[in-house]
Amino acid sequence: MHNLGILLSGRGSNFLAIAEAIEAGKIPDARIAVVISNLADAPGLAAARARGLTAVAIEARGRKRAEHDQEIVACLREHQVELVCLAGYMRLLSPGFVQAFAGRILNIHPSLLPAFPGLDAQVQAFEYGVQVSGCTVHFVDEQLDHGPIISQRAVRVEPGDDAHALAERILEQEHLAYAEAIARVVSGKYAVVGRRYLPRS
Ligand code: GRF
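All residue numbers here refer to positions counted from 1 along the written sequence of the relevant chain. Owing to the predicted nature of the model, reporting of local features is limited to residues with pLDDT of at least 70; listing and counting of side-chain atom pairs is limited to 80 or more, with chain, interface and lining totals taken over all residues. Based on all heavy atoms of the structure, the side-chain values leave hydrogens and waters out of the count.

Draft legend 1. Broad picture of unusual backbone geometry. Looking along the chain, the bond that leaves Leu-113 and enters Pro-114 is cis, with omega of 10°. For Pro-114, the position within the fold is in the loop between strand 5 (105–109) and helix 5 (121–128). In the Ramachandran plot, Asp-29 falls in the positive-phi region, its phi being about 60° despite a non-glycine side chain. Where helices and strands are cited, they refer to DSSP runs of H or I of at least four residues and of E of at least two residues respectively, numbered from the N terminus. Position of Asp-29 among the secondary structure elements: in the loop between helix 1 (13–23) and strand 2 (30–37). Taking the relative accessible area as the measure of exposure, Asp-29 reaches 52% and is therefore exposed. Phi at Asp-145 is positive, roughly 50°, even though this residue is not glycine. Here Asp-145 shows up in the loop between strand 6 (132–139) and strand 7 (149–156). Exposure categories follow from relative accessible area, calculated using a 1.4 Å probe and restricted to protein chains: below 20% of the type maximum is buried, above 50% is exposed, and the middle band is partly exposed.

Draft legend 2. Layout of the sheet that holds strand 7. One open sheet accounts for 7 strands, arranged 3-2-1-4-5-6-7; its pairing is mixed. At either end of the open sheet lies a strand with only one pairing partner, and these are strand 3 (55–57) and strand 7. Taken over all neighbouring pairs, the strand axes of this sheet differ in orientation by 20° on average, direction set aside. Strand pairing follows a simple DSSP-based rule, namely that at least 2 bridges must link the two strands. Pairing geometry for strand 5 and strand 6, over 4 bridges, is antiparallel. Its bridge partner lying in strand 6, Asn-107 is registered against His-138. Along the sheet, helix 3 (residues 65–78) makes contact with strand 1 (2–8), strand 2, strand 3 and strand 4 (83–86), crossing strand 2 at roughly 155°. Running over the sheet, helix 6 (residues 163–187) touches strand 1, strand 4, strand 5, strand 6 and strand 7 and is turned about 155° from strand 7. For helices, the axis comes from a line fit to the C-alpha atoms of the stretch in contact; other axes are also lines fit to C-alpha atoms, and the angle between any two N-to-C directions lies between 0 and 180 degrees. We call two residues in contact whenever any of their non-hydrogen atoms come within 4.5 Å of each other.

Draft legend 3. Quick look at the packing of helix 1 against helix 6. Put simply, helix 1 and helix 6 touch, their axes get as near as 9 Å, and they point 50° apart. Overall, the two elements helix 1 and helix 6 adopt an arrangement that is oblique. Helix-helix and strand crossings are classified by hand; for helix 1 and helix 6 the assignment is right-handed. Residues Ser-13, Asn-14, Ala-17, Ile-18 and Ala-21 of helix 1 form the contact with helix 6, whose participating residues are Leu-171, Glu-174, His-175, Tyr-178, Ala-179 and Ile-182. Each residue is assigned to one of three groups, with Ala, Val, Leu, Ile, Met, Phe, Trp, Tyr, Cys and Pro labelled nonpolar, Asp, Glu, Lys and Arg labelled charged, and all others, Gly among them, labelled polar. Classifying every residue of the contact of helix 1 with helix 6 gives 7 nonpolar, 3 polar and 1 charged. With respect to orientation, any angle under 35 degrees is reported as roughly parallel, any angle over 145 as roughly antiparallel, any angle of 65 to 115 as roughly perpendicular, and every other angle as oblique. The crossing is said to be left-handed when, going from far helix to near helix, the turn is anticlockwise and less than a right angle, and right-handed when the turn is clockwise.

Draft legend 4. Fine view of the pattern of salt bridges. Here, a salt bridge means any Lys or Arg side-chain nitrogen found within 4 Å of an Asp or Glu carboxyl oxygen. In this structure the tally under the stated criterion is 6 salt bridges. In this structure, Glu-180 and Arg-153 form a salt bridge, with 2.8 Å as the shortest nitrogen-oxygen distance. Placement of the pair is Glu-180 in helix 6 and Arg-153 in strand 7, with a sequence separation of 27 residues. Notably, a salt bridge pairs Arg-169 with Asp-161, separated by 2.9 Å at the nearest N-O pair. The exposure class of Arg-169 is partly exposed, given its relative accessible area of 25%. Note on Asp-161: relative accessible area 14%, which makes it buried.

Draft legend 5. Focus on the site of the ligand. Residues are counted as near a molecule or strand when any one of their heavy atoms sits within 4 Å of it. By nearness alone, every residue bordering the ligand is listed as Arg-11, Gly-12, Ser-13, Asn-14, Gly-88, Ile-108, His-109, Pro-110, Gln-122 and Glu-174. The contact in question runs from an oxygen atom of the ligand to an N or O atom on the side chain of Arg-11, over 2.4 Å. Side-chain polar atom of Ser-13 to an oxygen atom of the ligand: 2.5 Å apart, as the coordinates give it. Each accessible area is a Shrake-Rupley estimate made with a 1.4 Å probe; only the visible protein chains count as cover when residues are assessed. When isolated, the ligand has an accessible area of 370 Å², and the protein chains bury 88% of it. Counting only elements with at least two residues in the shell around the ligand, the list comes to helix 1 and strand 5. For the shell around the ligand, a count of residues per class yields 2 nonpolar, 6 polar and 2 charged. What qualifies as a polar contact is a pair of N or O atoms within 3.5 Å, subject to a donor-acceptor requirement within protein and to the restriction that residues adjacent in sequence count only when both atoms come from side chains.

That's the geometry; what it means functionally is another story.
Laid out in structure tokens, this is it:
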């Protein structure tokens, strides 16, 4: 059984999509061992508790990033987490955290990277005037929204869209993309060569 650790800061819809995919048997041999948030009042943390999962708040306020991250790493280790899934976790990871789980941290970002990294990617894409955007699941390295890409799904910008409507349609694809990417990574049937993620049968 592969233990997943979820990190979130907000509503947690990606976390819920992962939990539902596991229940539906779409991520074989995986379970959510712990859900951690930097914000005690994150709705996603309450949703995790409501599902009977172990949900832990590790507040960052007033602490150095490296120190806060070490506490999260300790919590992940305590729950024997093998794969860390960032699901709307709104903090940059320190190098120590990335190194502690090298190649074993995933993130989802609501644009087709390398376009529009950082905050409000859907608004950035909409205002730039792109006609296609989407989402990206990638391994986390020490740079923001940067590591090797595991999976991308494209979403067209439709006439009459506003940034909110676009974000909603991207989110639907995020939920599918994240569960699929986790299943592939958990299966171990891949290699990463340079920046390239290569699935193996
Ligand atoms: C998603 O758009 C995700 O791509 C981004 O943050 C948002 C989190 O949404 N990293 P949710 O909390 O999973 O609903």
